[in-house]
Amino acid sequence: MPGQGDTTRAASSGTISPFDVAVWCAAQGWPVHPLAPGRKTPAANCAPCREHTHPPQACPCTEAGKWCHGFHAATTDSARLGAWWGEQPSFGVGVSCGPAGLVVLDVDAHSAEVPERDRLLPGIAIHRGVNLDGLASGFDTLALLAAYRGRPNPVQDESTLRVRTPSGGLHIWYRVDGPGARYRSSTGSSPKVALAWQVDVRAVGGYIVAPATRTPAGTYEPVGPARLPAPLPDWLAAELTRTGHVVDDGPARSAPTTAPRPTPRRPAPRPDSTGAHRLLEPLLAEVHGCAAVSQGASFTEKLNRAAYTAGGLVAAGHLTDVEARELVTAAADEARPHQSHRSLAIINSALSAGLHRPLHLKGRP
């Protein structure tokens, strides 16, 4: 296996294979999963998983060694990685952030209308005297947040792994050590849970494209001297806590092993868990059904309805937040695999709205 510097140079010259990238990531303790060839979205599920909506944790495909359900199937097992990339050598490489103990700031540089100043840094009032002329992307809002806190700009943090994306954005990788807080994913366009406008957070419930992964648009290129993530700075941990990113249910992550992973077992259901799934499944089926129609399927409306209902079920104690997000995200990714950013923004917004309207099932207070 090449050294870290050799890996980067080989990636730039095109001599390193996606399988090499997957093995290198797994050696760092980062569970990986295949991405569709030439894309940054997970490889498609098997036919039964595409046809029937079900919780990823209950799917038998993981135990069978399939890559269904994206980051839920991620592993560090070398035999499984060899089988996956042996079957399709052009698969890209995704890293499951939660099990890897990673928090990645995904700084976007998309061309988009700049929102009002009260939406640039959620929870922070930007004084009218602050000149925002020229602000155009996540690079600007992250720098603004760091300036407000009197801290160094993470974009310029040479102590940690930073990866330039083909679209001109930047992934800033950090690790969360020990059994402390875990953080959830979010998008920088969410009005409820966001760190900054055009700054997405990749953590529990999400994945990140591995460095050195190639797409037709270009290569995810490491920049600067660091090739591994540094510990998450305390001030960023405080900001993630302030903006509602802490996952407050479920056990802290444990280090991945190199042995094949059994199918994760879901916790014992609450008394009305079956009823919650019975209520949510038709809505998820409507979302999933949009896969057969590329346009005019009312995908946004259906996804919004499912996520809002899931939020209400979480607020009433019938589902955990993590379970609700996984169910809705899986359906959205199946229906629209090439717009995960937009789907996640819809899900975050609708779930947050639903959390304010508990949906009690009959027979529960």
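In case you missed it, the structure is sitting above this.
Below you will find a few notes about this structure. (Residues numbered from 1 in each chain as written. Predicted model: local features only at pLDDT ≥ 70, side-chain atom pairs only at ≥ 80, totals over all residues. Heavy atoms only, no water.)

This next bit is on the side chain of serine 137. By the element assignment, serine 137 lies in the loop between strand E3 (102-107) and helix H6 (138-149). Each residue touching serine 137, except ones within four places of it in the same chain, is listed here: Asp108, Ala109, Trp197 and Gln198. (Helix = DSSP H or I, 4+ residues; strand = E, 2+ residues; numbered from the N terminus. Contact = heavy atoms within 4.5 Å.)

This part covers the pattern of salt bridges. The tally for this structure, following the rule as stated, stands at 7 salt bridges. For aspartate 106, the salt bridge goes to arginine 202, with nearest N and O atoms at 3.4 Å. Here aspartate 106 is found in strand E3, whereas its partner arginine 202 is found in strand E7 (residues 199-202), with 96 residues between them in sequence. Each of the two residues, aspartate 106 as well as arginine 202, counts as buried. With a closest N to O distance of 2.8 Å, aspartate 177 and arginine 175 form a salt bridge. Exposure remark for aspartate 177: the relative accessible area of 45% places this residue in the partly exposed category. Three or more residues joined by partner-sharing salt bridges are found here, namely Asp106, Asp200 and Arg202. (Salt bridge = Lys/Arg side-chain N within 4 Å of Asp/Glu carboxyl O. Buried < 20%, exposed > 50% of the residue type's maximum accessible area, 1.4 Å probe, protein only.)

It is worth spelling out the sheet that holds strand E2 (residues 92-96) at this point. Taken in spatial order, the 3 strands of this open sheet run E1-E2-E8, and their pairing is antiparallel. Whereas interior strands pair on both sides, the edge strands pair on one side only; in this sheet they are strand E1 (32-35) and strand E8 (207-209). Pairs of neighbouring strands in the sheet enclose a mean axial angle of 35°, with direction left out of account. Of the strand pairs in this sheet, E1 and E2 are connected by 4 bridges, and their pairing is antiparallel. If you follow valine 32 over to E2, its bridge partner there is valine 95. On the sheet, helix H4 (residues 78-87) packs against E1 and E2 and is oriented at approximately 5° with respect to E1. (Pairing = 2+ DSSP bridges. Axes fitted to C-alpha atoms, helices over the stretch in contact; angles between N-to-C directions.)

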